[in-house]
Amino acid sequence: MKIPYLTLTAWIAVYFLLTLLPMGLAIAFERPPARTLAVETGALLGFLGMGVLATQLVISGRHRWFAKGVGQDNLLQFHRQMGIFAWLLVLAHPTTLLIAEPAYLEFLHPGDEPLRAFALSGVLVATTLLIVTSLWRQGLKLQYEWWRALHGLLALFVVSAGFGHALMVNHHTTGWPVKIALALIVGAALLLLVDSRLLRPWRLKGKRWTVTKAEEINGEATHLVVEADNHEGLLFKPGQYAWITLGDSPFSLQQHPFSMNSNPHNSRCLEFTAKHSGDFTSSLSEIKKGTRAWVEGPYGVFTLDPSSNRDAVMVVGGVGITPIISMLRSCVA
Ligand SMILES: Cc1cc2nc3c(=O)[nH]c(=O)nc-3n(C[C@H](O)[C@H](O)[C@H](O)COP(=O)(O)OP(=O)(O)OC[C@H]3O[C@@H](n4cnc5c(N)ncnc54)[C@H](O)[C@@H]3O)c2cc1C
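Residues numbered from 1 in each chain as written. Predicted model: local features only at pLDDT ≥ 70, side-chain atom pairs only at ≥ 80, totals over all residues. Heavy atoms only, no water.

Engineer: Please explain the environment of I287 as it appears in this structure.
Structural biologist: By the element assignment, I287 lies in the loop between α7 (279–282) and β6 (292–299). Each C-alpha atom of the pair I287 and E215 lies 9.0 Å from the other, and the pair is 72 residues apart in sequence. Setting aside anything within four residues of it in sequence, one finds I287 in contact with V211, A214 and L246. (Helix = DSSP H or I, 4+ residues; strand = E, 2+ residues; numbered from the N terminus. Contact = heavy atoms within 4.5 Å.)

Here you go:
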């Protein structure tokens, strides 16, 4: 996949602007009594950490307007790397302060300010949990669905508690303009989290699909067909994928991505082939005809323009054939 150089540069610029915003606001609007360089560095590392963490909610939420053309898979890789960077920033914030001035240990002591101490230690523990459960999910035997739910809750906690901590420390956040600006940034990030986890499934409620076929292929995969109930269906490009939820409600922990392998010309009937690789895919062939389905998408930038007269060489392995089948069907049509 080729991402236009200008598009990429523009999105990287937007990304860095957003991450630097909390730190920039703290420096630009507040003139608290000067402290040593090491202490100020430690404090600003915290603001930078908050900026990177808040921006994680923008890049990871499958928001199609953000970084258009870059591809959700690339964005998720970036989210992963920046998550580790944010964790290092969060750890570096108190470490630098403690090395510079051991008296800052009081910020971790419940003593007079228990809420402030809870917010700081909570952010440290929760950010570490976010990273550990993401990097070693399989080793920890954490099911993907439970991991995803935990990831969302921890992210919600880390960003809100980080903001609370900055307000309670009240050094670079004394004035109302900074308080309000930070609240707007954090509020917008949390709103995006709510949008991706609650409002988006809610919006899917208006577009019902029905399973018309769930047939096992050689005991290794299931051919799933869903049809639109009285709506125009899903307009997609060959090679794209969608997130599928089965059952009466679109609010479910079980939401899985699959590439459409049908012809995009028929937007009202979607076909998928799911290889049996775990609990959801292995029980897919037992799904009854008539089961309600919810389709969120389309996503993905690995597509082929069937009207193009350029030659294409396709090299695929295993179930990776699914997007290619859609491309070939589209070319034939
Ligand atoms: C963009 C995209 C397109 C895909 N298209 C297809 C396809 O056309 N056909 C196909 O057979 N498979 C496809 N997959 C893989 C498919 O989503 C997983 O195999 C499936 O979700 C596994 O669920 P499970 O509960 O059966 O297995 P589990 O035991 O829960 O998981 C098996 C492995 O699949 C991955 N996985 C599990 N759940 C998810 C999830 N919700 N999102 C992403 N990865 C997950 C995990 O890395 C896990 O280790 C696609 C994945 C992605 C990211």
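Moving on from the model shown.
Engineer: So what exactly am I meant to see when it comes to helix α3 (residues 72–100) here?
Structural biologist: Given 3.6 residues per helical turn, the α-helix brings residues three or four places apart onto the same face. For α3, spanning 29 residues, the distance from its first C-alpha to its last is 41 Å, which sits close to the expected 42 Å at 1.5 Å a residue. Where α3 bends most, at A92, the angle is about 25 degrees, and the proline P94 comes one to four residues later. Taken residue by residue, α3 has Q72, L75, H79, M82, G83, A86, L89, V90, H93, P94 and L97 as its buried positions. Buried residues belonging to α3 abut α1 (5–29), α2 (37–59), α4 (114–135), α5 (144–169), β3 (241–246) and β6. (Expected span 1.5 Å × (residues − 1). Bend = angle between axes of the 7 residues up to and from the residue. Buried < 20%, exposed > 50% of the residue type's maximum accessible area, 1.4 Å probe, protein only.)

Engineer: Can you walk me through the site of the ligand in this structure?
Structural biologist: The full set close to the ligand counts 21 residues, and Q138, H256, K275, D279 and T281 are the nearest of them. In the model, an oxygen atom of the ligand is placed 3.1 Å from a nitrogen or oxygen of the S277 side chain. Take T281: an N or O atom from its side chain is 2.5 Å from an oxygen atom of the ligand. Taken by itself the ligand offers 860 Å² of open surface, and the protein chains cover 72% of this. Of all the secondary-structure elements, those providing two or more residues to the shell around the ligand are α5, β3, β4 (256–259), β5 (269–275) and α7. Per-element accounting of the shell around the ligand gives the leading share, four residues, to β4. (Near = heavy atom within 4 Å. Polar contact = N/O pair within 3.5 Å; in protein donor to acceptor, adjacent residues only side chain to side chain. Areas by Shrake-Rupley, 256 points an atom, 1.4 Å probe, with all protein chains shown as cover.)

Engineer: Looking at this structure, how should I read the packing of aromatic side chains?
Structural biologist: Given two aromatic rings, one states the distance between the centres and the angle between the planes to describe the pair. Evaluation of the coordinates by the stated rule reveals nine aromatic pairs. When the ring of Y104 is compared with that of F107, the centres are 5.4 Å apart and the planes differ by 45 degrees; the resulting orientation is tilted. On the basis of relative accessibility, which here comes to 15%, the residue F107 falls in the buried class. Relative to F157, the ring of F118 has its centre 6.1 Å away and its plane inclined at 70 degrees; by these criteria the two rings are edge-to-face. Taken together, the residues F118 in helix α4 and F157 in helix α5 connect sequence positions 39 residues apart. Of the residues examined, F157 reaches a relative accessible area of 30% and is grouped as partly exposed. An aromatic cluster of at least three residues, connected via ring pairs, comprises W11, W65 and F66. Sitting over the face of the ring of Y299, R64 holds its NZ or CZ atom 5.0 Å from the ring centroid. (Phe/Tyr/Trp six-rings, centres within 6.5 Å; stacked < 30°, edge-to-face > 60°. Lys NZ or Arg CZ within 6 Å of the ring centre and 35° of its normal.)

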